Amino acid sequence: MAEITASMVKELREKTDAPMMECKKALTEAAGDLAKAEEILRVKLGSKASKAASRVTAEGIVGTWIAADGKLAAMVEVNCETDFVAKNDDFLALAASLAELVASRNPADVAALSALELGGQTVEQVRTALVGKIGENMSIRRFVRIEAKGAVASYVHGGSKIGVLVDIVGGDEGLGKDLAMHIAASKPKALTAAEVPAELVETERRIAAEKAAESGKPANIVEKMVEGAAQKFLKEVTLLGQPFVKDDKLTIEALLKQRGASVAQFALYIVGEGIEKKVSDFAAEVAAQAAAAQK
C-alpha cells in the first residue's frame, strides 16, 4: 500500500478544496494516485469544486445572531466570488447558521469554527459541499462574539454588505438602533481616541507635517497645525467624537450623556473590506486565449 504523505494531502486539498480527511481517504482509495484521487473527490463533492479554491472571494454577506434578551450576539463574514451567489438561499442560510454557532459554541478562531458540527457534518464539510453545488469558491473570513455588559443592538445594511453590533449600557431600544445605524453610516474605527491604532495616527501626523511644511510658516505654528490635524482625524474616526448623523450639533458622546447611556463596545463589518479584488480585462483575456490557440 502506497504511503500517503502530508505533502500529498496538501497538494490534493489545494487542487480540490476538499477537507483534509476527505483528501486522505481519497488518496488511500486511489493508492496514492493524485489524479485518480481528484476524480474520486469530484464524484463525491461535485466537479465544480476542483477549480474554485484559487478564485478570489471578495463578495459575500454578514450574518448576525442575537439572543432575545440582547445579552449575547455574534456576527460572521462569509465571502464568495460574485454578488449573485451572495443572494443564494443556501449561502444566506449558511451565514445565519454560522453566526448562531459562533454564539453558542464560542470557537477560538475560524479554524475552530470550521471543525464544529453543523447538521451532522463539520462546518468545513458543509462549506465544501456548497462550493461543489454552487460552483463558486466561498470562505469564512472572520467573526465576532459579544457577551454584552448592557444589551446588543444590531443593524444590517445594503443587502447584508455592512453589519453592526453595538453593546449599549442604559438607554433604550430606539437609541440602540440609532447608534447601530450611525456606525454603519459613519464607519468609526474605534470607540475612543485611545483605541485608534498608533500607526494610523502617525500616518496622519506625517501627512499633516508634510502639508504644513509647505506653508513656510514658523516651526511652532507648524507643530500646532500638525496637532490640530491629528485631533481632527481622531474625532472623525472615533465613535464618541463623531457628530450624530441625525443631529450634527450633537456628538455621540454628548448624545449618550444626554440619554444616560454608554457604549461598552461595537463591531463593524464591511464585506470584502481590505480584500484585493481581481479586475479582469475581458478583451485581453480573449486575445490571450486566441494567441494560445494559434500556437
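Residues numbered from 1 in each chain as written. Predicted model: local features only at pLDDT ≥ 70, side-chain atom pairs only at ≥ 80, totals over all residues. Heavy atoms only, no water.

**As for the sheet that holds strand β10 (residues 262–270)**
Here's step 1: Read from one edge to the other, the open sheet built from three strands follows the order β6-β7-β10, with strand pairing classed as antiparallel. With partners counted over all chains shown, the strands left at the sheet margins are β6 (151–157) and β10, one partner each. Sheet twist, expressed as the average angle between the axes of neighbouring strands with direction ignored, equals 15°.
Here's step 2: Relative to β10, strand β7 (residues 162–169) runs antiparallel, the two sharing eight bridges. Bridge pairing in β10 places V169 opposite S262. (Pairing = 2+ DSSP bridges. Helix = DSSP H or I, 4+ residues; strand = E, 2+ residues; numbered from the N terminus. Axes fitted to C-alpha atoms, helices over the stretch in contact; angles between N-to-C directions.)

**A look at the environment of E204**
Here's step 1: Within the secondary structure, E204 sits in helix α9 (residues 198–213).
Here's step 2: Judged by its relative accessible area of 28%, E204 is partly exposed.
Here's step 3: A C-alpha to C-alpha distance of 9.9 Å links E204 and K232, two positions 28 residues apart in sequence. (Buried < 20%, exposed > 50% of the residue type's maximum accessible area, 1.4 Å probe, protein only.)

**Comments concerning the pattern of salt bridges**
Here's step 1: Inspection of every chain in the model, using the stated rule, returns 13 salt bridges.
Here's step 2: In this structure, K87 and D83 form a salt bridge, with 2.4 Å as the shortest nitrogen-oxygen distance.
Here's step 3: With a relative accessible area of 31%, D83 lands in the partly exposed category.
Here's step 4: Between E236 and K232 there is a salt bridge whose closest N-O contact spans 2.7 Å. Taken together, the residues span about one helical turn, with E236 and K232 both in helix α10 (residues 219–237) at a distance of four residues.
Here's step 5: By relative accessible area, E236 is classed as partly exposed at 44%.
Here's step 6: Three or more residues are tied together by salt bridges with common partners; here these are E59, D83, K87 and K161. (Salt bridge = Lys/Arg side-chain N within 4 Å of Asp/Glu carboxyl O.)

**Examining the packing of aromatic side chains**
Here's step 1: Summed over the entire model, instances satisfying the criterion amount to zero aromatic pairs.
Here's step 2: The lysine or arginine in question, R142, covers the ring of Y269, its NZ or CZ lying 4.0 Å from the ring centre. (Phe/Tyr/Trp six-rings, centres within 6.5 Å; stacked < 30°, edge-to-face > 60°. Lys NZ or Arg CZ within 6 Å of the ring centre and 35° of its normal.)

**A short note on the sheet that holds strand β2 (residues 72–80)**
Here's step 1: Taken in spatial order, the three strands make up an open sheet running β1-β2-β5, and their pairing is antiparallel. If you trace the sheet from one side to the other, it starts and ends with β1 (59–66) and β5 (138–147), each paired once. Sheet twist, expressed as the average angle between the axes of neighbouring strands with direction ignored, equals 15°.
Here's step 2: Most of the contacts of helix α5 (residues 89–105) go to β2, to which it runs at about 145°, and overall it touches β1, β2 and β5. (Contact = heavy atoms within 4.5 Å.)

**Here's the deal with the environment of N88**
Here's step 1: Summarising the element assignment, N88 is placed in the loop between α4 (83–86) and α5.
Here's step 2: Along the backbone, N88 and I134 are 46 residues apart, and their C-alpha atoms lie at a distance of 8.9 Å.
Here's step 3: Within the structure, the side chain of N88 is placed 3.1 Å from the backbone nitrogen of F91, a separation counted as a polar contact. (Polar contact = N/O pair within 3.5 Å; in protein donor to acceptor, adjacent residues only side chain to side chain.)

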